[in-house]
Structure formats: C-alpha cells, structure tokens
Amino acid sequence: TVLSDRPPNYSRAIAALPVIVILPALGVRWALAALEHRLTDAARVFTIVAVVGFAALWTIWHYFGVFAGTSHVYYSYDVEKLDAYEALVELSDEANVFLHPLWAEHATIAYLNADGPVRALDGHDTLVLPADGRDVVVAFPAREAEREEWDEQVTDLLGDAAERNVINDALDEPVLVTYRVPGSARGDMEPPRDALLEPEVFMSGFFGGALGLLGYSAGEARPGEPLPVTLVWQSVEPFLLDMTVFVHLVGPDGAPLGQEDREPGHASYRTSDWEPGDVVIDRFAPVLAEDATGPVTVLVGWYDLQTGERLHVGDMDALQLQPIEISP
C-alpha cells in the first residue's frame, strides 16, 4: 500500500489480507507453544482471548473513531454528494432542479436519483424553462465551477434573472453553486420584450413541426473573436431523434466565415429529452474569421448527425437571422 497511488491505499491491501494475517497467527501459535509447559490450559485460553480482544478493541477504536472522523473519509466515501443531493431534493419541492452532468451522472448520485427529481443539464451555456412555470434551479459542483470559471459564463447568460447561492457540506465547505431563476423571468415569449429571459429579436419558425425558434439575441461581431448567438427554442411535441444544431456565419457573398455545431446543452439535454412546452435557451459562440468583412449573416438549423439530413422549416432547411455589422 505504501508503493500504491495515494498511499496508504487500503483497498489495495484487501487481496493480501489472507496472507498477511498468517504472520501474527503464526506468532501467537509460536508464543503459546513456548509457554505450553509454563501455563495451564485455562491461562493459555485467557492469553489468546486477551490478545485477540485487545486487538479487536484497538481496531474498532481506530476504524470507527480515529479513521472515520477524518475529513478525507467524508469525501472518499461520497458523503458530501449525499448531502448535496439531499439539498437538491429539498429545492425540488418548489422548483425544477438541474445538476451539471459531472455530478448528475456520478455513480453515487445517479443511484440515489434513479427515480428522483433532479435532471442533468450542462447549464453554463444552456437554460431549460419547463412548461409548469415553476422556478428553475441550475446547480454546479462548487470546486469544478471555480476551476472552470463557470460563474462568469452563467452570469453572462442569465444576467439579472438569476440569484446565486452557495450550499455548504457538513464540514462547512462549498459543495454546490446554484442559480435560481424565477418562473416570471420566462414571460410569455411574445413581443414586446417584457421579461428578462425573452429574446431581443422575436421570430417564428418550426423545424420538423416540433422544434420552434422563438427568437434570439446576438452580441457584437469582431473578426477573429467569438460571436455570441443565444437561441430561444420551444418544444411543441415530443421528438424521438437526437438532433444537432448548426449556427453558420456567412458573408455577403455567401462565403463561410465560421460555424458551431453541437447538440443542445453540449449534449446534456438532447432533443429526445425535451418535453412539450419546454423553452430551451442555448448560447453558441462561433468564431468569426479574421478576414471577415461586410455584414455577417447567421444561418440556424437542425440536422441528424447520423445521416446529415436537415429538418425543414417550410420549404427551407435553415432560418436566416438579421445581418450583423462587423465591429472594428
């Protein structure tokens, strides 16, 4: 165990225990044999009981007392994930709860949540607003959120629509970072824009009769930099296939200037998971070509990654957003 990773790695010693315990057993046997003519049978039995009893008490104390009380045992046995999950279940009584797949798909939480209320969502670029109108809570593991700098991305996506909170574990260490979005921030998703999460530009287009584009918001277009495009979708009816979104940038002459293709929520909330009435806000950031000139046109659509076949909206296979002038 000393030579293993993260020593002492006790699980590495389990297979060796049958051999290791032979050594003290032989020692006890040798000691009793040496004392055979010096102690009575009763004294020898007492000696065995005393030695084994002392070893048992010593082991129990260290295993259930010293060892169990150390902080690394709390984390090694995923107790902080149990605490985090219980906190999310409590929140689910009054809100729709989504957890980053890094933890939502972890074996411990996946087991606890087999029939539970917590759904997986990579929420640093995506927000799901279910049709029931309740608040939405998007949760991230605190340590990973800090390391990956998700706070800045989520704040940029949600703006003033979300309230940030930190949930601590039993050792008073941050275990989850949550963002709570009130149901009122969804609005009616119709013009005029009177709710925080409604798109800046409203549109109406239904791909395959099931996936509707309600509108979008776009940032500034600068050559060589990402062009933020936040799309607001609504599920009209169940969709069995997992479709991929494409966001293509083209110049005035139709020349390609950049693109980003991916599944919604970075494949954490696939279209086969969408429920009728869901509003899905998904942000893309295709990088604009460094030599881009003139207004940039954004083309948006869906296709099946397996076949390459696109969904149609009317007689078109993509929707064209309003041209965006390039900033210096």
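**Focus on the nonpolar core**
Then, number 1: Core analysis: the biggest nonpolar cluster contains 57 residues, and Leu127, Leu129, Leu197, Leu231, Trp233 and Trp302 have the highest contact counts within it.
Then, number 2: Sequence-distant contacts of leucine 129, that is, excluding residues within four places in its chain, are made with Val136, Val181, Arg186, Met189, Leu197, Gly277, Asp278, Val279 and Ile281.
Then, number 3: Counting residues in each nonpolar core, the second largest holds 17 residues, with Val97, Trp103, Val137 and Ala139 among its members.

**Things to note about empty space enclosed by the protein**
Then, number 1: Applying the stated rule across the entire model yields one cavity of 30 Å³ or more.
Then, number 2: In this structure, the largest cavity spans a volume of roughly 30 Å³.
Then, number 3: If you go around the largest cavity, the residues you meet are Leu129, Pro130, Gly133, Arg134, Val136, Gly183 and Arg186.
Then, number 4: Taken together, the residues of the lining of the largest cavity sort by class into three nonpolar, two polar and two charged.

**What to know about the pattern of salt bridges**
Then, number 1: The full count for this structure, using the stated rule, is 16 salt bridges.
Then, number 2: Here glutamate 275 ties to arginine 119 by a salt bridge, and the two come within 3.9 Å at their closest N and O atoms. With glutamate 275 in the loop between helix 11 (264-267) and strand 12 (279-284) and arginine 119 in strand 2 (residues 119-120), this pair connects stretches of sequence that are 156 residues apart.
Then, number 3: Accessibility expressed as a relative area gives 44% for glutamate 275, which makes it partly exposed.

**Some remarks on unusual backbone geometry**
Then, number 1: For the peptide bond that leads from proline 191 to proline 192, omega is 0°, which places it in the cis range.
Then, number 2: You can see proline 192 is positioned in the loop between strand 6 (174-181) and strand 7 (201-207).
Then, number 3: Although it is not a glycine, aspartate 78 sits at a positive phi angle of roughly 60°.
Then, number 4: Summarising the element assignment, aspartate 78 is placed in the loop between helix 5 (71-76) and helix 6 (79-91).
Then, number 5: Positive phi, close to 70°, is recorded for alanine 267, a residue that is not glycine.
Then, number 6: Looking at where alanine 267 falls in the secondary structure, it is placed in helix 11.

**A short note on the layout of surface pockets**
Then, number 1: Of the voids in this model, the second largest pocket is the one considered here, and its volume is about 400 Å³.
Then, number 2: Along the wall of the second largest pocket there are 20 residues; nearest its centre are Asp156, Leu157, Glu200, Ser217 and Thr230.
Then, number 3: Looking at the lining of the second largest pocket, the elements that each hand over two or more residues are helix 10 (150-158), strand 8 (211-218), strand 9 (229-235) and strand 12.
Then, number 4: Here the element with the most residues in the lining of the second largest pocket is helix 10; it accounts for three residues.
Then, number 5: Within the lining of the second largest pocket, the residues separate by chemical class into ten nonpolar, four polar and six charged.

**Here's the deal with helix 6**
Then, number 1: Between the first and last C-alpha of helix 6 there are 19 Å, a value that for 13 residues agrees with the 18 Å anticipated at 1.5 Å per step.
Then, number 2: Among the residues of helix 6, Glu80, Lys81, Ala84, Tyr85, Ala87, Leu88 and Leu91 are the ones counted as buried. Along the axis of helix 6, the buried residues cluster in a sector spanning 160°; they form a single face.

**Some details on the sheet that holds strand 2**
Then, number 1: Taken in spatial order, the five strands make up an open sheet running 2-1-4-6-5, and their pairing is mixed. The open sheet has two edge strands, strand 2 and strand 5 (163-168), and neither has a second partner.
Then, number 2: When strand 4 (residues 135-141) meets strand 6, the two strands line up antiparallel, connected through six bridges. Across the sheet, valine 138 pairs through a bridge with tyrosine 179, a residue of strand 6.
Then, number 3: Where helix 6 meets the sheet, its contacts fall on strand 1 (95-99), strand 4, strand 5 and strand 6, and the angle it forms with strand 6 comes to roughly 20°.

**Topic: a nonpolar patch on the surface**
Then, number 1: Together, Ile14, Leu17, Ile20, Val21, Ile22 and Leu26 make up an exposed nonpolar region whose accessible area comes to about 540 Å².
Then, number 2: Topologically, leucine 26 is positioned in helix 3 (residues 22-34).

**Things to note about the environment of leucine 158**
Then, number 1: Along the chain, leucine 158 falls in helix 10.
Then, number 2: On the basis of relative accessible area, leucine 158 is assigned to the buried category, the value being 8%.
Then, number 3: As a C-alpha pair, leucine 158 and tyrosine 179 span 21 residues in sequence and 9.1 Å in three-dimensional space.
Then, number 4: Apart from residues lying up to four places away in sequence, leucine 158 is in contact with Leu127, Tyr179, Val181 and Leu197.

**Some details on the sheet that holds strand 9**
Then, number 1: Strand order in the open sheet formed by five strands is 3-12-9-8-7, and the pairing between neighbours is antiparallel. Looking at strand neighbours, the two that pair on one side only are strand 3 (126-129) and strand 7, the edges of this open sheet. Each strand axis lies, on average, 20° off the axis of its neighbour in the sheet, ignoring direction.
Then, number 2: With six bridges joining them, strand 9 and strand 12 adopt antiparallel strand pairing. What sits directly across from glutamine 234, in strand 12, is valine 279.

Cut-offs used in this document
- Residues numbered from 1 in each chain as written.
- Predicted model: local features only at pLDDT ≥ 70, side-chain atom pairs only at ≥ 80, totals over all residues.
- Heavy atoms only, no water.
- Core = buried A, V, L, I, M, F, W, Y, C linked by side-chain atoms within 4.5 Å.
- Buried < 20%, exposed > 50% of the residue type's maximum accessible area, 1.4 Å probe, protein only.
- Contact = heavy atoms within 4.5 Å.
- 1 Å grid on protein atoms, 1.4 Å probe; cavity = no way out; pocket = protein on both sides within 12 Å on 5 of 7 lines; lining within 4 Å.
- Points joined across faces, edges and corners; volume = space filled by probe spheres on them.
- Nonpolar A, V, L, I, M, F, W, Y, C, P; charged D, E, K, R; others polar.
- Salt bridge = Lys/Arg side-chain N within 4 Å of Asp/Glu carboxyl O.
- Helix = DSSP H or I, 4+ residues; strand = E, 2+ residues; numbered from the N terminus.
- Expected span 1.5 Å × (residues − 1).
- Arc of directions from axis to C-beta.
- Pairing = 2+ DSSP bridges.
- Axes fitted to C-alpha atoms, helices over the stretch in contact; angles between N-to-C directions.
- Patch = residues over 30% accessible without salt bridge, like charges linked within 9 Å, V, L, I, M, F, W, Y side chains within 5 Å.
- Areas by Shrake-Rupley, 256 points an atom, 1.4 Å probe, with all protein chains shown as cover.

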